[in-house]
Amino acid sequence: MDNLLGILVLAVLGYLFWQQRRQTELAQQFIDQRCASLGLQLLAIARGAHKLKDKKGRWRWHTVYLFEFSANGQDSYQGYVVMRGFHPMKFHVPPHHMPE
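Criteria and thresholds
Residues numbered from 1 in each chain as written. Predicted model: local features only at pLDDT ≥ 70, side-chain atom pairs only at ≥ 80, totals over all residues. Heavy atoms only, no water. Helix = DSSP H or I, 4+ residues; strand = E, 2+ residues; numbered from the N terminus. Rg over C-alpha atoms; globule rule 2.2 N^0.38 Å. Buried < 20%, exposed > 50% of the residue type's maximum accessible area, 1.4 Å probe, protein only. Areas by Shrake-Rupley, 256 points an atom, 1.4 Å probe, with all protein chains shown as cover. Lys, Arg positive; Asp, Glu negative; His and termini not counted. Charge placed at Lys NZ, Arg CZ, Asp CG, Glu CD. Polar contact = N/O pair within 3.5 Å; in protein donor to acceptor, adjacent residues only side chain to side chain. Contact = heavy atoms within 4.5 Å. Pairing = 2+ DSSP bridges. Axes fitted to C-alpha atoms, helices over the stretch in contact; angles between N-to-C directions. pLDDT = per-residue confidence, 0-100.

(A) Representation of the overall build of the protein within the structure. In terms of regular secondary structure, the protein is built from 1 helix and 4 strands. Moving toward the C terminus, one meets the helices and strands of the protein in the order α-β-β-β-β. Against the compact-globule benchmark of 13 Å for 100 residues, the protein has a radius of gyration of 17 Å, which places it well outside the compact range. Its C-alpha atoms give the protein principal-axis dimensions of about 70 × 30 × 20 Å. Counting across all 100 residues of the protein, residues that qualify as buried make up 26%. In the structure as shown, the protein presents an accessible area of about 7,300 Å², 59% of it carried by carbon and sulfur atoms. Side chains of the protein carry 12 positive and 7 negative charges; the gap between the two charge centres is 13 Å.

Shown next, in the form of structure tokens:
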């Protein structure tokens, strides 16, 4: 019985890891597409934190992805995307200087 429980725990952990990787890949694709449509150069992407509550205090599991971008190749700004499941809920790009 202990072996069965151990296998079940391992299977659940593997499934959660696989789902997290899938979410990360989808977030990266979304950020790539959005930066390309805005004419921004994407510099880096990092997974921020998992959160249980949103800013309004509601219980919603979501993940925040941070990304750095450049508008002219010389500056650097940081934005973020909030993903709930496999869907982006919020895409934030701070005000930045656009080249002429």
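(B) Region of the structure containing the side chain of Gln 23. The residue Gln 23 is located in helix 1 (residues 2-38) in this model. There is a polar contact of 3.3 Å between the side chain of Gln 23 and the side chain of Gln 20. Ignoring anything within four residues of it in the chain, the contact list for Gln 23 reads Thr 63, Tyr 65, Met 83, Arg 84, Gly 85 and Phe 86.

(C) Molecular detail of the sheet that holds strand 4 (residues 87-92). Judged by pairing direction, the sheet is antiparallel, and its 4 strands sit side by side in the order 1-2-3-4 without closing on themselves. Of all strands in the sheet, those with a lone pairing partner are strand 1 (41-53) and strand 4, marking the two edges. In this sheet, neighbouring strand axes are inclined to one another by 25° on average, regardless of whether the strands run parallel or antiparallel. Here helix 1 sits on the sheet and contacts strand 1, strand 2 (59-70), strand 3 (77-84) and strand 4; the angle it forms with strand 2, its principal contact strand, is near 45°.

(D) Representation of the pairing of strand 2 within the structure. When strand 1 meets strand 2, the two strands line up antiparallel, connected through 9 bridges. The partner of Lys 51 across the bridge, within strand 2, is His 62. In sequence, strand 1 turns back onto strand 2 through a hairpin of 5 residues, with Gly 57 there showing a positive phi of about 90°. By the bridge criterion, 7 bridges tie strand 2 to strand 3 in an arrangement that is antiparallel. Residue pairing in the sheet places Val 64 in a bridge with Val 82 of strand 3.

(E) Geometry of the environment of Tyr 15. With respect to the helices, strands and loops of the structure, Tyr 15 is situated in helix 1. By relative accessible area, Tyr 15 is classed as partly exposed at 48%. When the C-alpha atoms of Tyr 15 and Ile 45 are compared, they prove to be 23 Å apart, with 30 residues separating the residues in sequence.

(F) View of the confidence of the model for the protein. In this model, the protein carries a mean pLDDT of 90, and residues with pLDDT of at least 70 account for 99%. Per-element confidence in the protein ranges from a low mean pLDDT of 89 for strand 1 to a high of 94 for strand 3.

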